[in-house]
Amino acid sequence: MAGAALKPGERVLDVGCGCGQTSLIAAAAVGESGRVTGVDLSGPMLATARARAEGLGNIDFVQADVQQHDLGEGAYDIAISRFGVMFFDAPDIAFAQVHRALGPGGRLAFACWQGGAESEYYQVPRAAVAPFVGPDEPDDPDAPGPYSLAEPGKVRALLGGAGFTDVRLERVDEAAVSGADAADAAAFRLTSPSFAGLLKDLGPEDKAKAADAVRQALIPYETPDGVLLKAPAWVVTARR
Ligand SMILES: C[S@@+](CC[C@H](N)C(=O)[O-])C[C@H]1O[C@@H](n2cnc3c(N)ncnc32)[C@H](O)[C@@H]1O
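Once a new chain begins, its residue numbering starts again from 1 and follows that chain's sequence as written. Confidence filtering applies because this is a predicted model: local features only for residues at pLDDT of at least 70, side-chain atom pairs given and counted only at 80 or more, and all residues used for totals across whole chains, interfaces and linings. Heavy atoms throughout the structure, all of them, feed into the side-chain values; hydrogens and water do not.

The protein chain is annotated in an unreviewed UniProt entry as Class I SAM-dependent methyltransferase of Streptomyces coryli.

Pasting the structure below:
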């Protein structure tokens, strides 16, 4: 949100807004003279977002694929996204769409993950399941996925190709909260698409053992503020 530096009256597009947490923060920042539109593919997540935003007059949500949906030309002052821009099949098209949706002087501010190799958030549970599914293998860096924008050169090329200027990446080395305790965090990680896919061919006994291994591996990261694992990210900002 610091990278976005929202001002009262601004029109905000929240790309891949999920359950709407950042859309709500943005709506409070731009106030009643501003407007926030959250766009996401997921109906169930948007249902949560809409319930959270009930009664607010300056926020709406659209279920659409940002790669295809007409976002409107020059309709926004700023596009924001918290970890919602790494999953595009065609990121060049998606970022060109976002660029078109911004008016003159428009800004882009998003968070994406740095590489999985540096991330305890990824490595700790992944190492725990290695005895059951084998060691981690490098992903295709061009495939959509959480780490698809980890490489600064790729981010600059993509955004530059879409028409953005003044592209900046700021390193943010915060810890991420995975859950209230190890059991909660393990349950969350095990239902994430990447983990569920990894374990899908295991029999019920091995699946239970792998789940317990993840829980045990997360116990050392329990704190009074929840399970904290280092999750290095980039805050990327650019101008139209
Ligand atoms: C990791 S979640 C982040 C959600 C939210 N921004 C947050 O921080 O809580 C990524 C979100 O991007 C959405 N998403 C992925 N590809 C999309 C696309 N092509 N168009 C719209 N939303 C997309 C997903 O449905 C998901 O809600």
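So that's the structure; there's more coming.
Here we look at the overall build of the protein chain
Operational definition: Helix numbering and strand numbering both begin at the N terminus, where a helix is a DSSP run of H or I of at least 4 residues and a strand a DSSP run of E of at least 2. Throughout, the radius of gyration refers to the C-alpha atoms, and the reference size of a globule is 2.2 Å times the residue count to the power 0.38. Should any heavy atoms of two residues lie within 4.5 Å, those residues are counted as being in contact. Calculation of accessible area relied on Shrake-Rupley with a 1.4 Å probe; when residues are assessed, cover is drawn exclusively from the protein chains displayed. When charges are counted, neither His nor the chain ends are considered; positive counts come from Lys and Arg and negative counts from Asp and Glu. Where a charge lies is defined by one atom per residue type, namely NZ (Lys), CZ (Arg), CG (Asp) and CD (Glu).
Across its full length, the protein chain holds 8 helices and 10 strands. Whereas a compact globule of 240 residues would reach a radius of gyration of roughly 18 Å, the protein chain reaches 19 Å, a difference of no more than 12%. Of the contacts formed within the protein chain by residues at least 6 apart in sequence, a portion of 77% connects residues at least 24 apart. Accessible surface, the protein chain: about 11,900 Å² in total, of which carbon and sulfur atoms supply 54%. Counting 21 positive and 32 negative side-chain charges, the protein chain places the averaged centre of each group 4 Å from the other.

Observations concerning the nonpolar core
Inclusion rule: Throughout, nonpolar core names a set of buried Ala, Val, Leu, Ile, Met, Phe, Trp, Tyr and Cys residues whose side chains join them through atoms within 4.5 Å. Only protein chains enter the calculation, and the probe is 1.4 Å; a residue is then buried if its accessible area is under 20% of its type maximum, exposed if over 50%, and partly exposed in between. Here the limits of each domain have been adopted from an automatic or database domain assignment.
With 53 residues, the main nonpolar core has Phe95, Phe110, Leu149, Leu159, Phe164, Leu218 and Val236 as its most contacted residues. Each of two domains, domain 1 (11-116 + 140-176 + 231-239) and domain 2 (132-137 + 177-227), supplies a minimum of three residues to this core. Among residues more than four places away in sequence, those in contact with Phe110 are Ser81, Val85, Phe95, Leu149, Val155, Leu159, Trp234, Val235 and Val236. Grouped together as the second largest cluster of nonpolar side chains are 16 residues, Leu6, Ala26, Ala27 and Ala109 included.

Here's the deal with the packing of aromatic side chains
Put simply, the test is: Pairing of aromatic rings covers Phe, Tyr and Trp, the last counted by its six-membered ring, and requires centre-to-centre distances within 6.5 Å; plane angles under 30 degrees mean stacked, over 60 mean edge-to-face, and any other angle means tilted. Two thresholds decide whether a charge sits over a ring: the Lys NZ or Arg CZ must be within 6 Å of the ring centre and within 35 degrees of the ring normal.
The tally for this structure, following the rule as stated, stands at 5 aromatic pairs. Pairing Phe83 with Trp113 gives two aromatic rings, centres 3.9 Å apart and planes at 10°, and the pair type is stacked. A residue pair is termed long-range when its members are at least 10 positions apart, and Phe83 in the loop between strand 4 (76-82) and helix 3 (91-101) and Trp113 in strand 5 (residues 102-113) qualify at 30 residues. For the pair Trp113 and Tyr121, a centre-to-centre distance of 5.9 Å together with 25° between the ring planes defines the contact as stacked. For Trp113, a relative accessible area of 15% corresponds to the buried category. Judged by relative accessible area, which is 14%, Tyr121 ranks as buried. When the ring centre of Tyr121 is taken as origin, the NZ or CZ atom of Arg189, which lies over that ring, is 4.2 Å away.

Thoughts on the environment of Leu159
Along the chain, the position of Leu159 falls in helix 5 (residues 152-161). Exposure remark for Leu159: the relative accessible area of 0% places this residue in the buried category. Separated by 62 residues in sequence, Leu159 and Tyr221 have C-alpha atoms that sit 36 Å apart. Aside from chain neighbours lying at most four places away, what touches Leu159 is Phe95, Leu108, Phe110, Phe164, Val167, Val236 and Ala238.

Describing the domain arrangement of the protein chain
Under the domain assignment, the protein chain is made up of domain 1 (11-116 + 140-176 + 231-239) and domain 2 (132-137 + 177-227). Domain 1 and domain 2 are separated by 28 Å when their C-alpha centres are compared.

Focus on empty space enclosed by the protein
Quick note on the threshold: Residues are called lining when one of their atoms sits within 4 Å of a cavity or pocket point, these points coming from a 1 Å grid over the protein atoms alone, where a cavity is a set in which a 1.4 Å probe fits but cannot get out and a pocket is an open set with protein on both sides within 12 Å along at least five of seven lines. Grid points are joined across faces, edges and corners, and a volume is the space filled by probe spheres set on the points. Residues are grouped as follows: Ala, Val, Leu, Ile, Met, Phe, Trp, Tyr, Cys and Pro are nonpolar; Asp, Glu, Lys and Arg are charged; every other residue, Gly included, is polar.
With the rule as written, the count across this model stands at 1 cavity of 30 Å³ or more. Each pocket or cavity is described by its volume, and for the largest cavity that value is around 30 Å³. Contributing to the lining of the largest cavity are Val15, Ile80, Ser81, Val85, Phe88, Phe95, Val98 and Leu108. For the lining of the largest cavity, the secondary-structure elements that each account for two or more residues are strand 4 and helix 3. When the residues that make up the lining of the largest cavity are grouped by side-chain class, the tally is 7 nonpolar, 1 polar and no charged.

So, the side chain of Arg189
Cut-off, in case you're wondering: Any carboxyl oxygen of Asp or Glu within 4 Å of a side-chain nitrogen of Lys or Arg constitutes a salt bridge here.
By the secondary structure assignment, Arg189 is in helix 6 (residues 182-191). Buried within the structure, Arg189 lacks any salt-bridge partner; Asp136 is the closest side chain of opposite charge, at an N-O distance of 10 Å. Residues in contact with Arg189, not counting those within four places in the same chain, are Tyr121, Tyr122, Pro125 and Phe195.

Some details on the site of the ligand
The following threshold applies: If even one non-hydrogen atom of a residue comes within 4 Å of a molecule or strand, that residue is called near it. Definition of a polar contact: a pair of N or O atoms within 3.5 Å, with one able to donate and the other able to accept a hydrogen when the atoms are protein atoms, and with sequence-neighbouring residues admitted only if both atoms are side-chain atoms.
In the neighbourhood of the ligand, 15 residues make up the surrounding shell, with Gly16, Asp40, Asp65, Val66 and Arg82 lying closest. Within the backbone of Gly16, an N or O atom sits 2.7 Å from a nitrogen atom of the ligand. About the coverage of the ligand: the protein hides 80% of its 600 Å² of free accessible area. By residue class, the composition of the shell around the ligand is 8 nonpolar, 4 polar and 3 charged.

Thoughts on the pattern of salt bridges
With the rule as written, the count across this model stands at 12 salt bridges. For Lys200, the salt bridge goes to Asp201, with nearest N and O atoms at 3.7 Å. Each member of the salt-bridge network shares a partner with another, and the members are Lys7, Glu10 and Arg107.

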